[in-house]
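Here is what each chain is made of, one letter per residue.
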Amino acid sequence: MERTDMDEIELGALKKLEIVVEGEHREFVTDLLDHAGVKGYTIVENLSGKGAHGFHQGHLMFNDDALLIMIIAAVPEPLVQPILGGFAPFLGRHSGVVFVSDIQVMRMVKFQG
Amino acid sequence: MERTDMDEIELGALKKLEIVVEGEHREFVTDLLDHAGVKGYTIVENLSGKGAHGFHQGHLMFNDDALLIMIIAAVPEPLVQPILGGFAPFLGRHSGVVFVSDIQVMRMVKFQG
Amino acid sequence: MERTDMDEIELGALKKLEIVVEGEHREFVTDLLDHAGVKGYTIVENLSGKGAHGFHQGHLMFNDDALLIMIIAAVPEPLVQPILGGFAPFLGRHSGVVFVSDIQVMRMVKFQG
């Protein structure tokens, strides 16, 4: 049957991960996502910023010259904890933030294992 | 009456659309948003990424050289389904993802038709 | 005790602010965030877009040549209203949008005052 304008587009619920790290750590992040079974991601380069470095210190995380990247991935909820677990040791040693939020997507099957 | 620091800033609920496509399809997306009555959008250029191409194939969506863009728009909820309906045929033929999420905005009137 | 793969990574709830302004107003925004007690932010530069200018006019906010930036910050909920209050007069005179959304983060302490 043909799709008509009456049909509602179905949305599926996923978690969005937004991971900001220094550019030199790009491969660490994409390898971690690949190994966790994440099907795709988008990378925004040449960001700047400032923030707290590591867990305890509280001084600047990013100087003005740091080349930061944000890696954005939409993942099924069961992958979130394994991915965060893979990041925890990294964030103890390096600058970075990980944001988790709720999103909905079209064509859910593209994001599933 | 003057605004004072005691006044609460009112927020209005909208849906955020984040649309990632190859750069050559920018005008298709902005035309679709314009025709749907979307009042504004922001475009992030020069993204990279990888993902599943189309619906069934499951191979790489974006090679490393593809110039991707992300178009971000905040839209009233009733516009979401018409916009997604406009994208459905596009996503059957081209690479791309559409994320839908909940946001709140100041000055709601700027986003309404 | 060592962390094991069995441990769940704890997430803390914050509000994400996404602030899009013309690039010349970058320092106004980062000063406002700094003074409000925000611990960090990430800046995406060289955006383009269009939108409604100011509150009443409804004509184009950003021409194609405007250099826009998006400043992304994760802030504790009690900071949201003071920050929005600081923006309100700015948005009456200048182009810009502020999106507020719910996120969760690892290492919550990095974002707190």
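Along each chain, numbering runs from 1 in the same order as the chain's sequence is written. All chains are assigned letters beginning with A, and all ligands numbers beginning with 1, in the order in which they are written. Since the coordinates come from a predicted model, pLDDT governs what is reported: local features require at least 70, and pairs of side-chain atoms require 80 or more to be given and counted, while whole-chain, interface and lining totals use all residues. Note: side-chain values were computed over all heavy atoms of the structure, leaving out hydrogens and water.

**Quick word on the overall build of chain A**
Link 1 in the chain: Numbering of helices and strands starts at the N terminus; helices are DSSP runs of H or I of at least 4 residues and strands are runs of E of at least 2. Counting its secondary structure elements, chain A contains two helices and four strands.
Link 2 in the chain: Listed N to C, the secondary structure of chain A is β-α-β-β-α-β in terms of helices and strands.
Link 3 in the chain: The proportion of buried residues among the 113 residues of chain A is 54%.
Link 4 in the chain: Within chain A, counting contacts between residues at least 6 apart in sequence, those at least 24 apart form 75% of the total.
Link 5 in the chain: Accessible surface area values rest on a Shrake-Rupley calculation with a 1.4 Å probe, where residue burial reflects the displayed protein chains alone. When the accessible surface of chain A is summed, it comes to about 5400 Å², and 50% of that surface belongs to carbon and sulfur atoms. Exposure is judged per residue with a 1.4 Å probe applied to protein chains only, and the accessible area is read against the type maximum: over 50% gives exposed, under 20% gives buried, and values in between give partly exposed. Any two residues whose heavy atoms approach within 4.5 Å are treated as being in contact.

**Observations concerning unusual backbone geometry**
Link 1 in the chain: In this model, Arg107 of chain A sits at a positive phi of 55 degrees, which is unusual for a non-glycine residue.
Link 2 in the chain: Tracing the backbone through its elements, the reader meets Arg107 of chain A in the segment after β4 (97–105).
Link 3 in the chain: Its identity is not glycine, yet Asn46 of chain B carries a phi of approximately 60 degrees, on the positive side.
Link 4 in the chain: Positionally, Asn46 of chain B belongs in strand β2 (residues 41–50).
Link 5 in the chain: Since its relative accessible area comes to 56%, Asn46 of chain B is described here as exposed.

**Some words on the relation of the copies chain C and chain B**
Link 1 in the chain: When the copies are superposed, the least-squares fit takes in the C-alpha atoms of residues with a pLDDT of at least 70 in both. Rotating chain C by 120 degrees and translating it 0.0 Å along the rotation axis places it on chain B, where the RMSD comes to 0.0 Å. In the structure described here, the two chain copies are related by an operation that fits a three-fold rotation axis.
Link 2 in the chain: Interface residue correspondence from chain C to chain B reaches only 7%, placing this contact among heterologous pairings that use different surfaces.

**A look at the nonpolar core**
Link 1 in the chain: Among the buried residues, those of types Ala, Val, Leu, Ile, Met, Phe, Trp, Tyr and Cys that are joined through side-chain atoms within 4.5 Å form a nonpolar core. Residues Val44 and Phe99 of chain A, Val44 and Phe99 of chain B together with Val44 and Phe99 of chain C are the most contacted members of the largest nonpolar core, which totals 39 residues.
Link 2 in the chain: Each residue touching Val44 of chain B, except ones within four places of it in the same chain, is listed here: Val44 of chain A, Leu68, Ile69, Met70 and Ile72 of chain B together with Val44 and Leu47 of chain C.

**Comments concerning the interface of chain C and chain B**
Link 1 in the chain: Contact residues are listed per partner, giving 27 residues for chain C and 25 residues for chain B.
Link 2 in the chain: By convention, the term buried area covers the 1.4 Å-probe accessible surface removed from two parts as they join, with the contributions of both added. Counting each side, the surface lost to burial between chain C and chain B is near 2200 Å², with a carbon and sulfur contribution of 58%.
Link 3 in the chain: By definition here, a salt bridge exists when the distance from a side-chain nitrogen of Lys or Arg to a carboxyl oxygen of Asp or Glu is within 4 Å. Inspection of the region where chain C meets chain B yields one salt bridge.
Link 4 in the chain: Measuring nitrogen to oxygen at the nearest pair gives 2.8 Å for the salt bridge that ties Glu18 of chain C to Lys16 of chain B.
Link 5 in the chain: Polar contact is the term for a pair of N or O atoms within 3.5 Å; when the atoms are in protein, one must be able to donate a hydrogen and the other to accept it, and sequence-neighboring residues count only if both atoms are side-chain atoms. In this structure, the connection of chain C to chain B is made through seven residue pairs in polar contact (both at pLDDT 80 or more).

**Here we look at the packing of helix α1 (residues 26–36) of chain A against helix α2 (residues 80–93) of chain A**
Residues and elements named next belong to chain A.
Link 1 in the chain: Geometry is summarised by axes, namely lines fitted to C-alpha atoms with helices restricted to the contacting stretch, and by angles between N-to-C directions that run from 0 to 180 degrees. One can describe the packing of α1 onto α2 by two numbers: an axis separation of 10 Å at closest approach and a directional angle of 155 degrees. As judged from the angle between their axes, α1 and α2 are roughly antiparallel. As for the relative orientation of α1 and α2, their crossing is right-handed in sense. Touching Phe28, Val29, Leu32, Leu33 and Ala36 of α1 are Ile83, Gly86, Phe87 and Phe90, all from α2.
Link 2 in the chain: Class assignment for the residues of the contact of α1 with α2 results in eight nonpolar, one polar and no charged. In these notes the angle categories are as follows: under 35 degrees is roughly parallel, over 145 is roughly antiparallel, 65 to 115 is roughly perpendicular, and the rest is oblique. Crossings are sorted by hand: turned counterclockwise from the far helix by less than a right angle, the near helix makes the crossing left-handed, and turned clockwise it makes it right-handed. Residue polarity follows a fixed list, in which Ala, Val, Leu, Ile, Met, Phe, Trp, Tyr, Cys and Pro are nonpolar, Asp, Glu, Lys and Arg are charged, and the others, Gly among them, are polar.

**Description of the side chain of His25 of chain B**
All names here are of chain B.
Link 1 in the chain: By the element assignment, His25 lies in the loop between β1 (12–22) and α1 (26–36).
Link 2 in the chain: The class of His25 is buried, set by a relative accessible area of 13%.
Link 3 in the chain: Among the polar contacts listed, one links the side chain of His25 to the side chain of His94, at a separation of 3.5 Å.
Link 4 in the chain: Among all residues touching His25, those that are not within four sequence positions of it are Phe90 and His94.

**Quick notes on the relation of the copies chain A and chain B**
Link 1 in the chain: Each copy superposes on the other: chain A lies on chain B with an RMSD of 0.0 Å after a rotation of 120 degrees and an axial shift of 0.0 Å.
Link 2 in the chain: Mapped onto chain B, only 8% of the interface residues of chain A are again interface residues, and the two copies thus contact each other with different surfaces.

**Regarding the pattern of salt bridges**
All names here are of chain C.
Link 1 in the chain: For the structure on display, the rule yields twelve salt bridges over all chains.
Link 2 in the chain: For Asp102, the salt bridge identified is with Lys15, shortest N-O distance 2.5 Å. On the criterion of sequence distance, the pair formed by Asp102 in strand β4 (residues 97–105) and Lys15 in strand β1 (residues 12–22) is long-range, its members being 87 residues apart.

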